[in-house]
Every structure is written in C-alpha cells, then in structure tokens.
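Residues per chain are reported as follows:
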Amino acid sequence: MIKKIYLVFIALIMLITAACSSTASNEDEISDVEVVSEVEGTVRVSLAGWQLESGIDPITGVENMGLNEFIKKEFEPRYPNIKLEVYQVPWENAQAKQTAMLKSGDVDVLYTGGAFASQWQQQGLLRGLDDLMENDSTFDPSIYLEGVWENSYSTKSYDKSVHFGIPAILGRRIIMYDKQLFDEWGVDYLSENPSPEEVLEKAKAMTGKNPKTGEQNYGIWWDGKALNASSFVALSHAFGASGGEGTLNDLKNIKWKLNSPEMGKIFGWLEEAVKYAPPGILNTQGNENFGLEKNNIAIHLDASGASTMGEVKASGNKELLERYESTLNLGPNGEGWVAVDPFVMAKDTKNEEASWEVLKFLTGPITQEWNYVNFKNTPTLVDASFVEEEDKYMKTAMEIAQISKSTLLDEANPFFGSEIVPAINGFISKAHNGDAPDIQSYLDDLQSRAEKWSANQ
C-alpha cells in the first residue's frame, strides 16, 4: 500500500512538473515575441466567415488553430495595449449586417467581400488609407501582389485614386484538367496558357463514351449559374471584350459595348462549349468528383484545387497531384477573374491609430501564414514561401492574381451583377437546352438596357 501511495505521489509530482514546464515553455514562447506598438485603445472588428474557435478539419482530420487562440498567441504580445472586440458574421448575410454596423458606427475594422467593400467606398462609409500608409514607414505595399494591389476594385476606388482596402485573401480561379482522361482519349495536354479555342477543341474531343472505360465523359465544366460569371470574365480577357469605356464612379457616362463583335465571340463560344458540359452546370452541379478518383470531366474552368489538396492531406496519397494539372486562365497572358477579399476601415472609426495597427496585422504575413496553414486560404503576398511546395494549384492562382486587371465586367459593377450576369446565365441555360437565342439580337437588347440604365444614374 505504501509503495502504491509513493508511486501515486511521484506521478503527481511529474504531472505538476510537466504542467509547470509546459506553462513556462508557453510563457517563454510568448515572451520571445517583441512588442510592435504601444498604441492603446479598443478596436471593434467584424469578420465575415472566419473561424473563431480551434477545432478539427472535417476533411483532413488536422487540428486547426482558431482566431481567438491565434490572437492570444500572436497579436496580444505584439500589441499589449490594444483590446480587440471581434464579431463574427456569416457570409449569408454579411453585406446586410456589416452595412448596418458601418451606418450605426458600431465597427472599426472589417473583413468582407470585395464587392461589398467597393460599394461601401462609393457610399462614403469607409476611410481612405493613403495618408495612413504614407505616414507609416513600417508599411510596405510592395509585399502584396501587384495585380491585386493596383488593379482590384476590392482595394482601390473605381477611379483608382483612393486606396481603401488591404488585400487579405484571394479566391482561386484556375483551369484544371484530368491528365488520366486526356491519356485515355489520346489527347495532348493543355498548354500552360490555353486559349478558348484550344480548350473548346479538346473538350469536344473528350465528350462521349470513354474509349478505355466505356463510361460517359464530358469535356468541360464551368459554373453556369455563377453570381460573378467568373468564366465569362476570363473569356472577356481572351477575346478583348471590355464591356465598354468609362469608370464605375461615373455610371451615367459609360459608353457600353455589350453588342460588340468581341462580345459576340464570347457568346458563340459559350453556345458551342455547353454541348460538351454535363447538365449540372445549370445548377452548379455535376463536378462533385472532379479532382478525385472517380471523375468524368476532362477540363474544369475556374477550379480551385481545394478538393484535390484536401484529399491528399486526408489520405497521404499524392497520386492525385500527378493526375490533376493546373494552368493559367484564358486571357492572353493567363488573366481571369480574381476574387479579392480585403480588410477595410470604417470612416467613423473610434480609434484611428489603433485601428490602423490592427488592420496592418490582420493583412500582414503573420496572419496570412496562419490563414494558409490552418485553413488553406490563398495569400495575397509576393513572398508566400510558407505555401507548401506541392500546393501547385494555389501557386497558379497567385500567378493569375499578379497579372489580372479589373474591367467594367466585374462584380463591383452594379449593372453587371443585376443585368449582365442573369443574361449570361440565361443564355447558357437556353443554349444547353438547344434553344439558344440569336446572339446579336440578344446582345442588342442587353446594350439597350445598359444605355437606359446609365441614363437613369
């Protein structure tokens, strides 16, 4: 009995020692972080869609560090006198909730969708950041991808005169293809920067009964119901269709070119391409197995590679990385539509100095690395050496972001979202059902509606 008590006592001592050692280790780790700023204040932060608590990734089974733990570990030691009040907002109603917060003065810094941010800037709800950047020698805008920093409506005003956002996370829009299906059909792989004509030709060649498996294959997939018509935007770069001349800060004087020959080529391409796509494109379906083992689609426009990388992480099997290749987008230099979600500052922020420090930290390398490591969000940085070597899909997305520019055909354009996108998706639906309208008449009608819309602005 005495021996048992002694052993229990020793075990307790070891546990206490280990706990103290662990606590000391954690304290040492935190104490190694240098203070960045002594600025004081409370900053209210609204985040659309971020995970606050740590947990287990349902796909990979890997534990993720949530924002609350990250803030405690990385932010608080650097900014000991700044208190964060964090509010999480679901993406489903982010625009409405965050707009209300801005109008009521209940928020200082926000992470949000790029289209929301650009609209708020137009409404005068956001603070321009140029003077803060110019007066801060620690801030270096060259760390961000040039295409995103200089050319995105998510970070600059419509006339490009004011920087109002710092890019935090990129959406991934790359072309992916299944090399196994190309091999089975005896078709040459896509080039590194495929043209619409090349994609169409190879999609046609791989639609039908697979010569090796006998299963039905489809040559191409894209989202025929996309709210941002991202594949259409990539095609507009490829065919040189600008949508018109003018700027989004002067809607009344836009000279629309929606019935141009270049626009006609895009719709002609869509009419042909839809023949080689599964019916599911009309409902954002049919691509559930793309990037995985049981796939029947050869080419996927505006893919992300997330399902492939998730499966590789979960299983440890890297064969899928060899099977699925990525290319740049359809523009002449690989341009496409690039989603950019920024951090912005409310015009009526209660503590400007502290809010600026928070905004810099939440868009900087430390936070972007945490966001990638834990949630595989795509960074907006020129130097993103923390991205895993095997994550080729993310690297392709960053290449596209570096060179892509916004045009009038962008989700920031209110007429694009309200009228042009439904017209595009409606045309795709009709074409898939074998009832494509006359393209020129269709575009003439769209042009007329655009001119009337601008006249009423």
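Identification of the protein as Extracellular solute-binding protein from Metabacillus elymi is taken from an unreviewed UniProt entry.

**Q** Honestly, the sheet that holds strand β13 (residues 324-327) in this entry has me stumped. Any pointers?
**A** Sheets are built from strands paired through backbone hydrogen bonds, the pairs being either parallel or antiparallel. The five strands are arranged β8-β9-β12-β7-β13 in an open sheet whose pairing can be described as mixed. Looking at strand neighbours, the two that pair on one side only are β8 (208-209) and β13, the edges of this open sheet. Two elements, β8 and strand β9 (residues 216-221), share two bridges in a ladder whose sense is antiparallel. Across the sheet, residue Gly208 finds its bridge partner in β9, namely Asn217.

**Q** Teacher, can you tell me more about the environment of Leu110 here?
**A** The topology assignment puts Leu110 in strand β5 (residues 109-111). Judged by its relative accessible area of 0%, Leu110 is buried. For the pair Leu110 and Pro196, spaced 86 residues apart in sequence, the C-alpha to C-alpha distance is 38 Å.

**Q** Whenever I open this one, helix α9 (residues 230-239) confuses me. Can you help?
**A** Structural remark: α-helix, 3.6 residues per turn; residues separated by three or four positions point the same way. With respect to burial, α9 is a largely interior element, nine of its ten residues being buried. All of the buried residues in α9 are Ser230, Ser231, Phe232, Val233, Ala234, Leu235, Ser236, His237 and Phe239. Those residues of α9 hidden inside the fold are in contact with α8 (196-205), α10 (261-273), β12 (297-303) and α16 (414-432). Among the residues trailing α9, Gly240 stands out with phi positive, at a value near 70°.

**Q** I'm lost on the packing of α16 against helix α17 (residues 439-455) in this one. Help?
**A** In a pair of packed helices, the angle between the axes and the distance between the axes together describe the arrangement. At their nearest, the axes of α16 and α17 sit 11 Å apart, and the two run at 165° to each other. With respect to α17, the axis of α16 lies roughly antiparallel. Viewed along their axes, α16 and α17 form a crossing whose handedness is right-handed. Two secondary-structure elements touch here, α16 through Pro414, Phe415, Glu419, Ile420, Ala423, Gly426 and Phe427 and α17 through Ile439, Tyr442, Leu446, Arg449, Ala450 and Trp453. Grouping the constituent residues of the contact of α16 with α17 by class yields ten nonpolar, one polar and two charged.

**Q** Hey, could you run me through the packing of aromatic side chains in this one?
**A** Given two aromatic rings, one states the distance between the centres and the angle between the planes to describe the pair. Scanning the entire structure with this criterion turns up 30 aromatic pairs. Ring geometry for Trp91 against Tyr111: centres 6.1 Å apart, planes inclined by 70°, an arrangement best described as edge-to-face. With Trp91 in the loop between β4 (82-89) and α3 (94-104) and Tyr111 in strand β5, the pair connects residues that are 20 residues apart, well separated along the chain. By way of ring pairs, the aromatic residues Trp50, Phe70, Phe75, Tyr79, Trp91, Tyr111, Phe343, Phe361, Trp370 and Phe375 are connected into one cluster. Against the face of Tyr372 rests Lys376, its NZ or CZ located 4.7 Å from the ring centre.

**Q** Teacher, can you tell me more about the nonpolar core here?
**A** Taken as a class, soluble globular proteins show a tendency for nonpolar side chains to be buried jointly. Judged by nonpolar contacts, the single largest core of 138 residues is most densely connected at Ile220, Trp222, Phe232, Trp269, Leu270 and Ile299. Here this core gets nine residues from one element, more than from any other, and that element is α16. Apart from residues lying up to four places away in sequence, Ile220 is in contact with Val199, Ala203, Trp269, Ala273, Tyr276, Ala277, Pro278, Ile297, Ile299 and Leu301.

Here is what the cut-offs are and how they apply
- Residues numbered from 1 in each chain as written.
- Predicted model: local features only at pLDDT ≥ 70, side-chain atom pairs only at ≥ 80, totals over all residues.
- Heavy atoms only, no water.
- Pairing = 2+ DSSP bridges.
- Helix = DSSP H or I, 4+ residues; strand = E, 2+ residues; numbered from the N terminus.
- Buried < 20%, exposed > 50% of the residue type's maximum accessible area, 1.4 Å probe, protein only.
- Contact = heavy atoms within 4.5 Å.
- Axes fitted to C-alpha atoms, helices over the stretch in contact; angles between N-to-C directions.
- Parallel < 35°, antiparallel > 145°, perpendicular 65-115°, else oblique.
- Left-handed = near helix turned anticlockwise from the far one by under 90°.
- Nonpolar A, V, L, I, M, F, W, Y, C, P; charged D, E, K, R; others polar.
- Phe/Tyr/Trp six-rings, centres within 6.5 Å; stacked < 30°, edge-to-face > 60°.
- Lys NZ or Arg CZ within 6 Å of the ring centre and 35° of its normal.
- Core = buried A, V, L, I, M, F, W, Y, C linked by side-chain atoms within 4.5 Å.

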